[in-house]
Structure formats: C-alpha cells, structure tokens
Amino acid sequence: METQTDQGTNGGLTRRDVLRAAAAGLIIGTGLLVVPKRYFRLPQQAQTFVAKVDHYQLDIAGILSLGMLELGVGKTEIQGKRILLKPNLVETASEAPHINTHPLVLRGAIEAFLRLGAAAVMVAEGPGHRRDTLAVYEESGLADVLTEDRIKFHDLNYITGYELPNLGAKTTMKTLTFPALFQEVDWIVSMAKMKTHHWTGATLSMKNLFGVMPGRYYGWPKNVLHKAGIQNSILDINATLKPHFAIIDGVIGMEGDGPIMGDPKQVGVLVMGRNLPAVDATCCRIMGIDPYKVSYLEQADNWLGPIGEKSIEQRGETIVSVQTDFKLIDTIPAQQGIRLK
C-alpha cells in the first residue's frame with residue numbers, strides 16, 4: 001500500500017518526487033524544478049463504495065441500491081431522469097463471463113435506477129473490435145436479459161454524431177464527436193469490467209468510454225483514437241463527456257493479457273462511485289496495481305478526480321478485505337512496474 005512518504009496525502013509533491021526529478025536531470029537553468037502540473041492542483045475528494053458479491057445470482061439490484069444510497073444518489077436526484085448504461089461488450093459468448101460486463105449486473109443496475117424513479121433506462125455500446133454490434137449483443141447473453149426486461153439497446157457505432165469542443169486538450173483533436181443519443185439522456189453511467197490491459201495497464205470505467213465513440217467516425221478498433229494516443233484520448237473523452245456515475249463488474253474480472261485474451265479472475269466485488277478516476281483508482285488497488293503507475297490515472301489526479309488513497313472516502317468493504325493481486329505480464333510494457341508496493 002502507498003504511504004504518505006511515497007505519494008503524499010493528496011497527491012502532493014514529496015521529498016522523494018523532488019529527488020527523482022533531480023536525478024532525472026529536470027533542473028533547468030534558472031534553478032527551478034520542472035514537475036508535473038498535477039502537483040500544483042488543489043486536492044480533490046471523492047467517495048467510492050465496494051460491495052462483496054460472490055456470484056451473479058445474488059440480489060445485485062439491492063446491492064447497487066445500497067451503494068447508491070451510501071453515495072447520496074436518491075430519488076430526488078434520479079426521479080424522471082433518462083439513464084444510459086454503457087457496458088463493456090467485446091467479442092465473446094455468454095460462457096466467457098470474464099470478458100464482458102455481465103448481463104445480470106446490467107439487470108441489477110436497471111432495476112436500481114427504476115426503483116429510484118428513473119423515467120427510462122437504456123443500454124448502449126459501440127464495440128471497437130467487431131463491426132457487427134448486434135452479434136456481440138446476442139452472444140454476450142445481454143440480448144436475452146434486455147428483451148425479457150423490455151429495455152432498449154442502442155448501437156452507438158452507427159448513430160449520427162454531434163461535435164463538442166475537446167475540453168481535455170490532451171490530444172491534437174480540436175473536437176470530439178459523440179452519438180446524438182446523448183443529447184436525449186440525463187445520466188451516463190460507465191459499467192465496465194475489471195480487467196488488465198495490454199496498452200494501458202488497467203481498463204476500468206474511464207477506458208470503457210472508448211466505446212461511446214461512434215465507429216462510423218472513429219473506425220475499428222477506434223483507430224483515430226489509437227493514432228491520437230490511447231492514454232490522452234481517454235482523458236479527452238472523460239473531460240468532455242463528464243460521465244455521471246460508474247459501476248465496475250469485478251465479480252469475475254480478467255487478468256493477464258486483457259482486455260480480450262486474459263484469464264478469469266474471481267474477485268467477488270462491485271465497485272461504484274460518482275467520480276470515475278476515484279473509482280478506477282480504488283479498483284486498481286483491489287487488483288494490486290498502483291494507480292499512480294497507470295498513465296491516464298496519474299494525469300487525471302486532482303484534475304478529473306482524486307486517485308490518492310487518502311483523498312477517497314471508502315464506503316462498504318475496505319480495500320484490504322477484498323484485495324487480490326491480478327496477474328501482470330512482464331513482456332507487456334504497459335504492465336511493467338505497475339505492481340502496488
């Protein structure tokens with residue numbers, strides 16, 4: 001676990017950071033020290049909720065409802081709202097529950113939001129690896145659940161888009177194109193899978209939003225974003241879209257060569273919160289990954305949200321009680337040196 005000496009209480013500049021910067025030759029001619037901008041940002045605070053969930057047949061709607069209550073999400077806020085749930089659908093069948101957000105977690109979220117008086121709940125995704133979204137939708141088992149529950153599914157890859165100025169400005173893209181459907185909803189909820197990743201180290205609620213970018217504009221597998229830089233594109237999308245909530249399916253996650261070729265990892269948790277960087281940082285610690293070593297999270301710290309452990313109020317289970325190290329592969333550069341010490 002990180003200590004105040006290692007990272008600072010709120011991601012602040014520590015003696016170790018200064019020494020590292022000096023050792024790296026970052027002293028400039030004027031005698032000033034060049035340090036990352038995040039060290040000069042005002043500290044932020046957030047809350048996350050972790051629930052133990054041993055298997056998908058439990059009362060997930062009740063568990064999510066309890067978590068939302070703990071995080072201050074109630075009827076006053078949700079009544080009459082149109083909620084869009086964005087799962088992680090890749091390219092698999094229902095017998096591989098470690099690849100996609102599980103359909104029963106989505107069902108639980110649908111029920112939880114409807115109990116709070118949501119006017120409508122819909123599910124939408126734009127997979128990056130296969131052009132036939134409906135095939136992935138059916139193979140994942142999600143089609144059976146949503147058909148039974150009479151919940152609409154939208155293929156984001158082929159929806160006409162609308163442009164917004166790129167508020168993140170981490171890439172050279174001046175604008176970002178989002179599905180026009182987003183102009184008709186009030187809340188966007190990122191419902192990711194807890195996985196390691198061969199390009200980013202970890203993929204959670206922030207990276208999951210790659211799937212909202214329409215393939216008709218960004219290609220497959222979102223080639224425009226890959227060319228612009230995956231880590232910086234994650235930051236631009238989140239800064240511009242400003243999602244409202246995150247729910248991470250960590251009942252069965254994926255370790256190793258994720259997000260597709262990895263192995264199942266039984267963790268037995270659902271993690272949620274209003275602030276996506278804080279949720280993802282909490283998930284990283286559960287996975288035995290240092291969030292400060294995941295580039296997009298380190299850059300997001302105290303900008304899009306806090307990732308320092310002392311800046312995140314933990315509700316529900318403690319991180320220590322559910323922590324389990326995910327397998328990391330030394331030959332994958334993004335997974336090198338990210339183990340939590």
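None of these values were measured; they are calculated from a predicted model.

Caption draft 1: Just the overall build of the protein, in detail. Looking only at helices and strands, the protein has 13 helices and 11 strands in total. In the protein, which comprises 341 residues, the proportion classed as buried is 58%. Accessible surface, the protein: about 14,100 Å² in total, of which carbon and sulfur atoms supply 53%.

Caption draft 2: Region of the structure containing helix 7 (residues 142–149). Residues of helix 7 that are buried: Leu142, Ala143, Val145 and Leu146. Projected down its long axis, helix 7 shows its buried positions confined to an angular sector of 165°, all on one face. More than 90 degrees from the buried face of helix 7, the exposed residues found are Asp144, Thr147 and Glu148. Against the buried residues of helix 7 lie helix 5 (103–115), strand 3 (120–125), helix 6 (133–139) and strand 4 (153–155). In the segment just after helix 7, Arg150 is the residue with positive phi, at about 60°.

Caption draft 3: Highlighting the packing of aromatic side chains. Summed over all chains, the structure comprises five aromatic pairs. A ring pair is formed by Tyr137 and Phe153, whose centres lie 4.1 Å apart and whose planes are at 10°; its orientation type is stacked. Remark: Phe153 occurs in strand 4 and Tyr137 occurs in helix 6; sequence separation between them is 16 residues. In this pair, the class of Tyr137 matches that of Phe153, namely buried. On the basis of an interplanar angle of 35° and a centroid distance of 5.7 Å, the ring pair of Tyr158 and Trp220 is categorised as tilted. Separated by 62 residues along the polypeptide, Tyr158 in the loop between strand 4 and strand 5 (161–165) and Trp220 in the loop between helix 8 (215–218) and helix 9 (223–228) bring together distant segments of the chain. The class of Tyr158 is partly exposed, set by a relative accessible area of 42%.

Caption draft 4: The arrangement of the state of the cysteines in detail. Under the definition given, this model contains zero disulfides. With no disulfide partner, Cys284 has as its closest neighbouring cysteine sulfur the one in Cys283, 7.3 Å distant.

Caption draft 5: Representation of unusual backbone geometry in the model. Look at the link from Trp220 to Pro221: it is a cis peptide, with omega at -5°. Of note, Pro221 is situated in the loop between helix 8 and helix 9. Between Gly258 and the following residue, Pro259, the backbone shows a cis peptide bond with an omega angle of 15°. By secondary structure assignment, the location of Pro259 is in the loop between strand 9 (245–255) and strand 10 (263–273). Phi is positive for Ala169, close to 55°, though the residue is something other than glycine. Looking at where Ala169 falls in the secondary structure, it is placed in the loop between strand 5 and strand 6 (175–179). By relative accessible area, Ala169 is classed as exposed at 58%.

Caption draft 6: Representation of the nonpolar core. By size, the foremost hydrophobic cluster in this structure holds 57 residues, and its most contacted members are Phe178, Phe182, Met194 and Val271. Counting residues per element, this core draws most heavily on helix 11 (residues 276–286), which supplies seven residues. Residues in contact with Met194, not counting those within four places in the same chain, are Leu204, Ile248, Asp249, Gly250, Gly253, Met254, Val267, Val269, Val271, Cys283, Met287 and Phe326. Core analysis: the next-biggest nonpolar cluster, separate from the first, contains 41 residues, Val73, Ile83, Val189 and Met272 among them.

Caption draft 7: Geometry of the side chain of Asn302. Inspection of the secondary structure assignment puts Asn302 in the loop between helix 12 (295–300) and strand 11 (312–316). Here the side chain of Asn302 touches Gln44 through a polar contact of 2.9 Å, landing on its backbone nitrogen.

What counts and what doesn't
Residues numbered from 1 in each chain as written. Predicted model: local features only at pLDDT ≥ 70, side-chain atom pairs only at ≥ 80, totals over all residues. Heavy atoms only, no water. Helix = DSSP H or I, 4+ residues; strand = E, 2+ residues; numbered from the N terminus. Buried < 20%, exposed > 50% of the residue type's maximum accessible area, 1.4 Å probe, protein only. Areas by Shrake-Rupley, 256 points an atom, 1.4 Å probe, with all protein chains shown as cover. Arc of directions from axis to C-beta. Contact = heavy atoms within 4.5 Å. Phe/Tyr/Trp six-rings, centres within 6.5 Å; stacked < 30°, edge-to-face > 60°. Disulfide = S-S within 2.5 Å. Core = buried A, V, L, I, M, F, W, Y, C linked by side-chain atoms within 4.5 Å. Polar contact = N/O pair within 3.5 Å; in protein donor to acceptor, adjacent residues only side chain to side chain.

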